[in-house]
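Coordinates in review
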Amino acid sequence: MTSHIDILEGIIENRRTVKPSEFSGEKIDDALIEKILSSANWAPTHGYTEPWRFTVFAEDGLASLGDFYSKLDQPNPDAEDFNEMRFNKLRNRALCCSHVIGIGMKRGNNPKVPEIEELASVAMAVQNIWLSAHAYGLSGYWSTGSLAFRDEMRDFFGLEEGDKSLGLFYLGKSASPHPKGRRISPIEEKTRWIKS
Ligand SMILES: Cc1cc2nc3c(=O)[nH]c(=O)nc-3n(C[C@H](O)[C@H](O)[C@H](O)COP(=O)(O)O)c2cc1C
């Protein structure tokens with residue numbers, strides 16, 4: 001019988017970044033997205049500030065996101081250096097997905113909880129989303145790049161000053177073979193033990 005730890009290790013080790021260009025276009029039920037998001041809500045959080053805020057883009061919302069995102073990147077189509085290929089790539093990326101989740105951080109007012117802890121907590125919530133999606137046979141990708149942290153993204157997510165956008169999580173069903181993972185160096189090279 002497969003033990004809990006084998007299952008957990010398998011999910012952690014086999015979770016991969018899969019980009020929207022690999023997605024089949026198949027749609028996922030909103031109910032499943034809600035289940036995945038409920039895993040995010042179990043992320044640890046100092047002082048129960050629970051700073052993760054998600055904006056789910058689906059259906060026509062995907063086109064709205066693509067439109068906003070491409071225009072944020074290149075607002076002026078008449079500019080001399082306007083790159084139409086890049087513009088279309090950014091606009092269409094969301095359309096390959098089933099859902100896109102805007103990742104936000106709500107800055108709490110507990111003076112004992114510095115911003116770095118809120119950011120760490122949101123990252124743990126995203127990991128829960130990613131692992132849960134993988135366990136359901138879905139694929140995902142956390143995208144940041146030059147636009148992710150812009151105030152306009154935060155505003156687009158309906159967040160306020162002091163809050164932060166941390167990028168987009170693209171979700172879909174992959175049409176490609178599951179990619180093999182790789183790490184540059186083993187954990188032993190990133191760990192120091194002190195026993196005396
Ligand atoms: C906070 C964060 C931001 C990321 N942003 C990008 C990105 O903008 N572009 C990209 O290609 N990958 C991005 N990634 C995905 C990484 O490239 C990916 O996790 C890494 O290559 C390891 O692959 P794996 O997720 O399949 O193990 C991001 C990952 C994290 C955690």
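Let me sum up the structure you'll find in this document.

1. Side note on unusual backbone geometry
A positive phi angle is found at Glu50, which is not glycine, with a value near 45°. Assignment of secondary structure puts Glu50 in the loop between helix H2 (30-40) and strand S1 (52-57). Positioned with a positive phi, Glu59 is a non-glycine residue whose angle comes to about 50°. On the secondary structure map, Glu59 appears in the loop between S1 and helix H3 (60-73).

2. Section: the nonpolar core
Grouped together as the largest cluster of nonpolar side chains are 29 residues, with contacts concentrated most on Val100, Ile129, Phe169 and Leu171. Within the residue set of this core, elements represented by two or more residues are H2, S1, H3, strand S2 (99-105), helix H5 (115-135) and strand S4 (164-172). In terms of residue count, the dominant contributor to this core is H5 (6 residues). With near-sequence residues (within four places) excluded, Leu171 lies in contact with Ile28, Cys97, Ser98, His99, Val100, Ile101, Ala133, Leu138 and Gly140.

3. Things to note about the packing of helix H1 (residues 4-14) against H5
Any two packed helices are characterised by the angle at which their axes cross and by the distance between the axes. Put simply, H1 and H5 touch, their axes get as near as 9 Å, and they point 105° apart. When the axis of H1 is compared with that of H5, the two are roughly perpendicular. Of the residues in H5, those in contact with Ile11, Ile12 and Asn14 of H1 are Leu131, His134 and Ala135. Grouping the constituent residues of the contact of H1 with H5 by class yields 4 nonpolar, 2 polar and no charged.

4. Here's the deal with the site of the ligand
Around the ligand, the neighbouring residues are Arg16, Thr17, Trp142, Ser143, Thr144, Gly145 and Gly181. Partitioned by chemical class, the residues of the shell around the ligand number 1 nonpolar, 5 polar and 1 charged.

5. Quick look at the environment of Ser21
Within the secondary structure layout, Ser21 lies in the loop between H1 and H2. With 169 residues separating them along the chain, Ser21 and Lys190 place their C-alpha atoms 33 Å apart.

6. Overview of the sheet that holds S4
One open sheet holds the 4 strands; their spatial order is S1-S2-S4-S3, and the pairing between them is antiparallel. Every interior strand has two partners, whereas the edge strands, S1 and strand S3 (139-143), have only one. On average, each strand axis in the sheet is tilted by 25° relative to the strand beside it, whichever way the strands run. For S1 and S2, the ladder comprises 6 bridges, and the chain directions are antiparallel. Residue Phe54 lies in a different strand from S2, and its bridge partner there is Ile103. Of the strands in this sheet, S1, S2, S3 and S4 are in contact with H5, which crosses S2 at around 160°.

7. Some thoughts on the packing of H3 against helix H4 (residues 84-93)
For the pair H3 and H4, interaxial distance at closest approach is 7 Å and the crossing angle is 150°. With respect to H4, the element H3 is oriented roughly antiparallel. Every pair of crossing elements has a handedness; the one defined by H3 and H4 is right-handed. Here H3 contributes Gly66, Asp67, Tyr69, Ser70 and Asp73 to the contact with H4, which in turn contributes Phe87, Leu90, Arg91, Asn92 and Arg93. Each residue belonging to the contact of H3 with H4 can be placed in one class, and the counts come to 3 nonpolar, 3 polar and 4 charged.

8. A closer look at the pairing of S2
By the criterion of burial, S2 is predominantly enclosed, with 7 of the 7 residues buried. Alternating positions in S2 separate into two faces, His99, Ile101, Ile103 and Met105 on one and Val100, Gly102 and Gly104 on the other, with burial throughout. Relative to S4, S2 runs antiparallel, the two sharing 7 bridges. Within the sheet, the bridge partner assigned to Gly102 lies in S4 and is Leu168.

Here is what the cut-offs are and how they apply
Residues numbered from 1 in each chain as written. Predicted model: local features only at pLDDT ≥ 70, side-chain atom pairs only at ≥ 80, totals over all residues. Helix = DSSP H or I, 4+ residues; strand = E, 2+ residues; numbered from the N terminus. Core = buried A, V, L, I, M, F, W, Y, C linked by C-beta atoms within 7 Å. Buried ≥ 20, exposed ≤ 12 C-beta atoms within 10 Å, placed from the backbone. Contact = placed C-beta atoms within 7 Å. Axes fitted to C-alpha atoms, helices over the stretch in contact; angles between N-to-C directions. Parallel < 35°, antiparallel > 145°, perpendicular 65-115°, else oblique. Nonpolar A, V, L, I, M, F, W, Y, C, P; charged D, E, K, R; others polar. Near = placed C-beta within 6 Å. Pairing = 2+ DSSP bridges. Left-handed = near helix turned anticlockwise from the far one by under 90°.

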